[in-house]
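# Coordinate analysis (summary)
Residue strings, one per chain:
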Amino acid sequence: MTAEGLLSELISKDPVYHILKLLQEQGEPHFRQIGIDERDFIVALQHIQNAGYTDSSGSGLSQAGLDYIDGYEKRIKANRD
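In this text, all values refer to a predicted model and were calculated from it rather than measured experimentally.

## Considerations on the nonpolar core
If you look at the biggest cluster of nonpolar residues, it comprises 17 residues, and the most contacted ones within it are Val16, Ile19, Leu20, Ile34, Phe41 and Ile48. Only α2 (15-25), α3 (31-34), α4 (38-50) and α5 (63-80) provide two or more residues apiece to this core. Take this core: its biggest share by element is six residues, from α2. Setting aside chain neighbours within four positions, we find Leu20 in contact with Ile48, Tyr53, Leu61, Gly65, Tyr68 and Ile69.

Dropping the structure here:
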């Protein structure tokens, strides 16, 4: 499997990461962008909110959300190396 294939597979297995990344880059993700069922998307959004990954206004990421992205990307990079 190529590095791009592995990265794509890892990202697809963690919708929380993908949603957080879209929030960081675009501000408002949609379940069709991620390729998951709408109900799963809603559950992931609830988890993101309950875990405190967004700021108090809900329009941006908290430090915990940024740390989640950073930690996930470090794990992906470590798996590629």
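## Section: α4
Along its 13 residues, α4 runs 18 Å from first to last C-alpha, staying within 8% of the 18 Å computed at 1.5 Å per residue. Of all the residues in α4, the buried ones are Phe41, Ala44 and Ile48. In a view along the axis of α4, the buried residues occupy a sector of 65°, so they form one face of it. Exposed side chains of α4 directed beyond 90 degrees from the buried face belong to Arg39, Val43, Gln49 and Asn50. For α4, the N-terminal cap is Asp37; the gap from its side-chain oxygen to the backbone nitrogen of Arg39 is 2.9 Å.

## Considerations on the packing of α2 against α5
Between two packed helices, the angle of one axis relative to the other and the distance separating the axes together describe the packing. Two numbers describe how α2 lies on α5: the axes approach to 10 Å, and their chain directions differ by 120°. It follows that α2 is oblique to α5 by the angle criterion. For the element pair α2 and α5, the recorded crossing hand is left-handed. In contact with Val16, Tyr17, Leu20, Lys21 and Gln24 of α2, α5 contributes Gly65, Leu66, Tyr68, Ile69, Tyr72 and Glu73. Looking at the contact of α2 with α5, its residues break down into seven nonpolar, two polar and two charged.

Rules used in this analysis
Residues numbered from 1 in each chain as written. Predicted model: local features only at pLDDT ≥ 70, side-chain atom pairs only at ≥ 80, totals over all residues. Heavy atoms only, no water. Core = buried A, V, L, I, M, F, W, Y, C linked by side-chain atoms within 4.5 Å. Buried < 20%, exposed > 50% of the residue type's maximum accessible area, 1.4 Å probe, protein only. Helix = DSSP H or I, 4+ residues; strand = E, 2+ residues; numbered from the N terminus. Contact = heavy atoms within 4.5 Å. Expected span 1.5 Å × (residues − 1). Arc of directions from axis to C-beta. Polar contact = N/O pair within 3.5 Å; in protein donor to acceptor, adjacent residues only side chain to side chain. Axes fitted to C-alpha atoms, helices over the stretch in contact; angles between N-to-C directions. Parallel < 35°, antiparallel > 145°, perpendicular 65-115°, else oblique. Left-handed = near helix turned anticlockwise from the far one by under 90°. Nonpolar A, V, L, I, M, F, W, Y, C, P; charged D, E, K, R; others polar.

Everything listed here is a matter of coordinates, which is why it stays silent on function.
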